[in-house]
Amino acid sequence: MEYVYAALILNETGEEINEDNITGVLEAAGVDVEESRVKALVAALEDIDIEEAVEQAAAVPAGGAAAPAGGSADGELEEGGDDEGGDEGGDEAEAEDDGDDDEEEGDGGEGLGELFG
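What counts and what doesn't
- Residues numbered from 1 in each chain as written.
- Predicted model: local features only at pLDDT ≥ 70, side-chain atom pairs only at ≥ 80, totals over all residues.
- Heavy atoms only, no water.
- Patch = residues over 30% accessible without salt bridge, like charges linked within 9 Å, V, L, I, M, F, W, Y side chains within 5 Å.
- Areas by Shrake-Rupley, 256 points an atom, 1.4 Å probe, with all protein chains shown as cover.
- Salt bridge = Lys/Arg side-chain N within 4 Å of Asp/Glu carboxyl O.
- Lys, Arg positive; Asp, Glu negative; His and termini not counted.
- Charge placed at Lys NZ, Arg CZ, Asp CG, Glu CD.
- Helix = DSSP H or I, 4+ residues; strand = E, 2+ residues; numbered from the N terminus.
- Core = buried A, V, L, I, M, F, W, Y, C linked by side-chain atoms within 4.5 Å.
- Buried < 20%, exposed > 50% of the residue type's maximum accessible area, 1.4 Å probe, protein only.
- pLDDT = per-residue confidence, 0-100.
- Contact = heavy atoms within 4.5 Å.

### Overview of a negative patch on the surface
Here comes step 1: A grouping of E12, D49, E51, E52 and E55 is seen on the molecular surface, where their side chains present a negatively charged patch.
Here comes step 2: Sort the elements by how many residues they give to the negative patch and helix 4 (residues 50-59) lands first, with 3 residues.
Here comes step 3: Positionally, E12 belongs in helix 1 (residues 2-12).

Okay, structure coming up:
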């Protein structure tokens, strides 16, 4: 992750994102630099507009892909509330939806662990 941070620092300060500059930032931070990782990062970022990528990432709600599923779950819960006064089929569907929501929440937690761990 520190390699990406180095590229973001260089971008923010208007410096060119190249192997020498990334290596310099990482060494200044006390990182044991792996040349192959630096080369891979520079190659991966070659055709990327970092400003646009950062804006898009900022527009994604916390939890990423789980957010749209949470939005539909809210709609289903409202429908489930209507079904509670009706037949039992709605209750069974609601119970199944609750199980799906738990799995999605677990997936979001694992993603955060990978991000910060």
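### Thoughts on the nonpolar core
Here comes step 1: Residues Y3, A6, A7, L10, I22, L26, V38, L41 and V42 constitute the largest nonpolar core, which totals 9 residues.
Here comes step 2: For this core, the elements supplying multiple residues, two or more each, are helix 1, helix 2 (19-28) and helix 3 (35-45).
Here comes step 3: It is helix 1 that provides the largest number of residues to this core, a total of 4 residues.

### Brief notes about the confidence of the model for the protein
Here comes step 1: Of the residues in the protein, 53% have a pLDDT of 70 or more, and the chain-wide mean is 72.
Here comes step 2: Confidence drops under pLDDT 50 across residues 72-86; counting only partners more than four residues distant or on other chains, this segment forms 8 contacts.
Here comes step 3: Long-range and interchain partners of residues 92-96, a stretch whose pLDDT sits below 50, account for 3 contacts in this model, where long-range means more than four residues apart.

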